[in-house]
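If you want the building blocks of each chain, they are given just below.
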Amino acid sequence: MEKETILAKHGSEVEIGVTKDEEKPKQSKDLEFLSCMMQPATAESDPQYIGIRRILLHRKSESGAISRRYDWRCNGKGYVAYRNFISRPRKWENLRTPSLLSSPGNSGRWLPSPGPLSHQFEAESFSSSRDLRSANQVSSRRLSFSSSLSDGDHSFRRGGGFEHAYSFVGMHCIFDQCKSSVTVLKFGHMSSHLLAYGASDGTLTVCTLSEEPSVLKQLTGHSKDVTDFDFSSNNQYIASSSLDKTIRVWELSRGVCIRVIYGISAQFCIRFHPVNNNFLSAGNANKEVTVFNFSTGRTIKKLSFDGEVTAMDHDHTGQIIFCGDGQGTVYSVSMDSHTGSLSRSHRHRTNHKSPVTTVKYRSFSLLASGPVLLTCTQDGNLCFFSVALQIKGYLTLRCSLKLAPRIHRIQASFCPLLSLEKGEYIVAGSEDSNVYFYDLTKPKHTCVNKLQGHRFPVMCVAWNHGENLLASSDFYGVVIVWKRAKKSS
């Protein structure tokens with residue numbers, strides 16, 4: 001009998017006697033136990049697969065490779081935790097952002113749609129430069145008839161009367177007067193109750209969402225699809241663009257068109273200058289951005305691009321225009337607020353050559369600690385950039401989300417106030433007739449909520465000023481205004 005000294009659990013050395021004949025069965029028994037522990041059997045697993053895996057693990061254990069892995073400890077955790085620890089990105093402590101009451105890994109599960117093709121509209125992949133931690137999946141349930149939430153995303157206490165940051169109590173109102181697809185949808189500037197939407201039949205509808213929601217004005221004049229429109233800073237005028245190659249300026253108080261600007265190609269996007277409302281910037285199919293004088297309708301400046309300018313937005317200072325073209329490229333353009341002159345500053349190209357459907361600027365984000373830009377392309381690539389205004393709008397890609405490709409020009413939007421409470425929320429329409437909420441701080445199960453009520457592809461989404469109302473429009477012309485749950489203290 002040979003004696004050997006081992007280390008007991010309490011740390012003291014104990015001498016035991018083990019014969020060579022007893023040592024081999026014990027080692028074999030430990031290896032079998034280890035292989036079973038490394039590959040446990042579950043109710044849904046295949047018995048043949050489990051058996052093969054255990055045989056391979058048993059053979060690998062005989063060489064001592066797995067036993068060394070199994071004995072490793074890092075901060076009281078096993079080898080998998082150590083492997084994730086050593087593969088973390090550099091300076092990961094500085095990349096982590098604090099969250100309220102829960103970590104980014106407490107993600108929910110995306111509820112499947114009742115349709116047979118619902119799996120095609122789920123998020124496929126997620127790429128980020130931040131350190132995003134994962135956690136166990138939790139089951140999800142329906143909170144109300146229009147909102148689906150996950151139990152793992154409780155950002156507020158139920159017992160204390162708090163609601164989810166992204167939960168909705170139902171529909172505030174529905175507008176179904178339009179008989180064609182609603183292509184663009186917006187609330188008035190700094191307004192909570194003024195809503196307007198443009199349709200593919202060339203009409204613009206202005207509504208109020210006060211105590212008794214109603215249609216205020218029906219603006220007719222365009223002969224083809226209304227592609228975009230924008231409110232002036234005082235909400236007295238609307239400038240609209242259309243596929244009929246014209247830009248029209250409307251006076252809302254009288255409901256009449258006061259100016260028509262004729263172009264040589266289809267007009268895709270239009271914006272009032274945020275500081276000098278006498279400037280109108282429009283992007284067209286002729287690969288140009290044109291600055292017009294609002295008072296006279298005359299052209300001030302033009303700037304050419306590599307593709308059709310399909311989406312645009314100003315920064316809050318009015319010195320930079322962000323443009324997206326038909327090839328998926330995003331441009332930063334410097335603009336003089338006094339003369340209207342334009343000059344290209346930066347260009348961000350991507351591998352996907354798909355038209356940009358959304359360009360949204362936001363002056364501050366907790367995730368980027370500064371201004372950010374949201375873009376979405378027709379092939380389902382949603383990108384989140386940080387903006388360096390001191391370098392003339394230089395864009396740095398912070399994270400991206402791959403959604404299913406779309407047939408229609410479906411748009412997305414920020415959720416600014418929700419993102420100040422927790423996470424970085426994005427809301428977007430989809431072709432499976434649902435409105436989806438995404439949290440870009442979650443590596444898995446990025447969709448945290450969805451609103452069900454439309455019967456056709458949801459084309460546009462827009463928040464009011466207080467973010468207590470969300471409007472969405474679909475391909476059939478129905479506009480639904482959703483009411484967000486109040487957060488009580």
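Residues numbered from 1 in each chain as written. Predicted model: local features only at pLDDT ≥ 70, side-chain atom pairs only at ≥ 80, totals over all residues. Heavy atoms only, no water.

This part takes up the overall build of the chain. Helix and strand counts for the chain come out as six helices and 33 strands. Long-range pairs, those at least 24 residues apart, make up 50% of the contacts in the chain with a sequence separation of at least 6. Accessible surface for the chain amounts to roughly 24100 Å². Of this, 51% is attributable to carbon and sulfur atoms. (Helix = DSSP H or I, 4+ residues; strand = E, 2+ residues; numbered from the N terminus. Contact = heavy atoms within 4.5 Å. Areas by Shrake-Rupley, 256 points an atom, 1.4 Å probe, with all protein chains shown as cover.)

A few words now on the confidence of the model for the chain. Confidence along the chain averages 76 in pLDDT terms, with 69% of residues attaining 70 or more. Here residues 1-24 is a poorly scored stretch, pLDDT under 50, and it has 22 contacts once near neighbours within four places are set aside; other chains count. The low-confidence segment residues 69-77, where pLDDT is below 50, has nine contacts with residues more than four positions distant or belonging to other chains. (pLDDT = per-residue confidence, 0-100.)

The strand order β19-β20-β21-β22 describes an open sheet built from four strands, whose pairing is antiparallel. Two strands bound the open sheet, and with one partner strand each, they are β19 (309-314) and β22 (342-348). Shown here is a sheet whose adjacent strand axes are inclined to one another by a mean of 25°, direction ignored. Direction of pairing for strand β21 (residues 330-335) relative to β22: antiparallel, over a ladder of six bridges. (Pairing = 2+ DSSP bridges. Axes fitted to C-alpha atoms, helices over the stretch in contact; angles between N-to-C directions.)

It is worth spelling out the packing of aromatic side chains at this point. One pair of aromatic rings is described through two measures. These are the centre distance and the angle between the planes. Under the criterion given, the structure shown has eleven aromatic pairs. Ring centres 6.1 Å apart and planes at 25° place the aromatic pair F168 and W463 in the stacked group. Here W463 lies in strand β31 (residues 458-463) and F168 lies in strand β6 (residues 168-175), a separation of 295 residues in the sequence. The pair formed by F168 and W463 is uniform in burial state, with each residue classed as buried. Here the aromatic rings of F229 and F231 are separated by 5.9 Å at their centres, their planes lie at 75°, and the arrangement is edge-to-face. For the pair shown, F229 and F231 are each scored as buried. Three or more aromatic residues link up through ring pairs in this structure, and these residues are F168, F437 and W463. Directly above the aromatic system of F414 lies the positively charged group of R362, at a separation of 5.6 Å from the ring centroid. (Phe/Tyr/Trp six-rings, centres within 6.5 Å; stacked < 30°, edge-to-face > 60°. Buried < 20%, exposed > 50% of the residue type's maximum accessible area, 1.4 Å probe, protein only. Lys NZ or Arg CZ within 6 Å of the ring centre and 35° of its normal.)

Tallying each qualifying case throughout the model produces nine salt bridges. The salt bridge involving D228 is made with K186; its shortest N-O contact spans 3.3 Å. Of the two residues, D228 sits in strand β11 (residues 226-231) while K186 sits in strand β7 (residues 182-187), which places them 42 residues apart along the sequence. We note a salt bridge from R344 to D306, for which the minimum N-O separation is 4.0 Å. Of the two residues, R344 is situated in strand β22 and D306 in the loop between β18 (299-304) and β19; the sequence distance between them amounts to 38 residues. Given a relative accessible area of 29%, D306 falls into the partly exposed group. In this structure, a network of salt bridges that share partners links the residues K186, D228, D230, R271 and D313. (Salt bridge = Lys/Arg side-chain N within 4 Å of Asp/Glu carboxyl O.)

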